[in-house]
Amino acid sequence: MYRRILAAIDGSHASDRALEEAIRISREAGASLLVVHALEDPPAVLEDNPYAEDALRTLKASREEAGANLLKRAKADAAAAGVNAEATLLDEDAMPTPARILRAAQAFNADLIVLGTHGHHGLRRAMLGSSAEGVVRMAPVPVLLVRTP
């Protein structure tokens, strides 16, 4: 059975469902749970603009606060279910989100990764990208994708 579970959340309905599933599995298995949230990279138009430093600082602070609140709620949900969870904010560091999630899973020694997925396909998936797909392609451990109806 799984002993160390990592759940990646982003505040979407799909990730809420994935968190619920990760908490349920953790409770049933008596597993450790790590919940992570990867900060989004700033828009390239701001990153490359030398006059946008203040906007970048404000945007980063806002995203950090939102991410911290998201993780706080996730820990509270886990605690309400009787699961002691850790939470980590994955800062933007020029790595794609899937790589940051996988690095956190490796550092935590996770034996299961749980993610939500929106189930986009075709052009929409190509346009939006898919962190879940990136994790699945590179993960050395099982990945549970929780779809949203």
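Residues numbered from 1 in each chain as written. Predicted model: local features only at pLDDT ≥ 70, side-chain atom pairs only at ≥ 80, totals over all residues. Heavy atoms only, no water.

As annotated in an unreviewed UniProt entry, the protein chain carries the name Universal stress protein and comes from Achromobacter mucicolens.

Regarding helix α3 (residues 53–80)
Threshold: Segments assigned H or I by DSSP are reported as helices when at least four residues long, segments assigned E as strands when at least two residues long, and all are numbered from the N terminus. A helix is expected to span 1.5 Å multiplied by its residue count minus one. Only protein chains enter the area calculation, which uses a 1.4 Å probe; residues under 20% of their type maximum are buried, those over 50% are exposed, and those in between are partly exposed. Two residues form a contact once any of their heavy atoms are found within 4.5 Å.
Helix length check: α3 (28 residues) gives 41 Å between terminal C-alpha atoms against 40 Å at 1.5 Å per residue, within 8%. Here α3 has its buried residues at Gly67, Leu70, Leu71, Ala74 and Ala78. For α3, the elements touching its buried residues are α1 (13–29), β2 (32–38) and β3 (85–90). Backbone geometry just downstream of α3 places Gly82 in the positive-phi region, at approximately 85°.

Some remarks on the pairing of β2
This is how the line gets drawn: Here, strands pair whenever DSSP counts at least two bridges between them. By convention a crossover is right-handed if, when the strands point away from the viewer, the path from the first strand over the helix to the second runs clockwise.
The buried fraction of β2 is high, at six of seven residues. Bridge count for strand β1 (residues 4–8) against β2 is five bridges, and the pairing is parallel. Bridge pairing links Ala8 to Val36 in β2. With α1 bridging β1 and its parallel neighbour β2, the resulting β-α-β unit is right-handed. When β2 meets β3, the two strands line up parallel, connected through six bridges.

Describing the packing of aromatic side chains
Here is the rule: Ring pairs are drawn from Phe, Tyr and Trp, using the six-membered ring of Trp, whenever the two centres fall within 6.5 Å, and their geometry is named by plane angle: stacked under 30 degrees, edge-to-face over 60, tilted for the rest. Charge-over-ring contacts are defined here by two conditions on Lys NZ or Arg CZ: a distance within 6 Å of the ring centre and an angle within 35 degrees of the ring normal.
Applying the stated rule across the entire model yields zero aromatic pairs. Between the NZ or CZ atom of Arg4 and the centre of the ring of Phe108, over which it lies, the distance is 4.0 Å.

Points about the environment of Val141
Checked against the element boundaries, Val141 lands in the loop between α6 (131–138) and β5 (143–147). Looking at Val141, the relative accessible area reads 22%, which means it is partly exposed. Sequence separation of Val141 and Ile113 is 28 residues, and the distance between their C-alpha atoms is 7.3 Å. Contact partners of Val141, with chain neighbours within four places excluded, come to Ala110, Asp111, Leu112 and Ile113.

Re α1
Compared with the 24 Å implied by 1.5 Å per residue over 17 residues, the 24 Å span of α1 between its first and last C-alpha is a close match. For α1, the full list of buried residues reads Ala14, Ser15, Ala18, Leu19, Ala22, Ile23, Ile25, Ser26 and Ala29. Where α1 is buried, its residues contact β1, β2, α3, β4 (112–117) and β5. A positive phi of about 65° marks Gly30, the residue just after α1.

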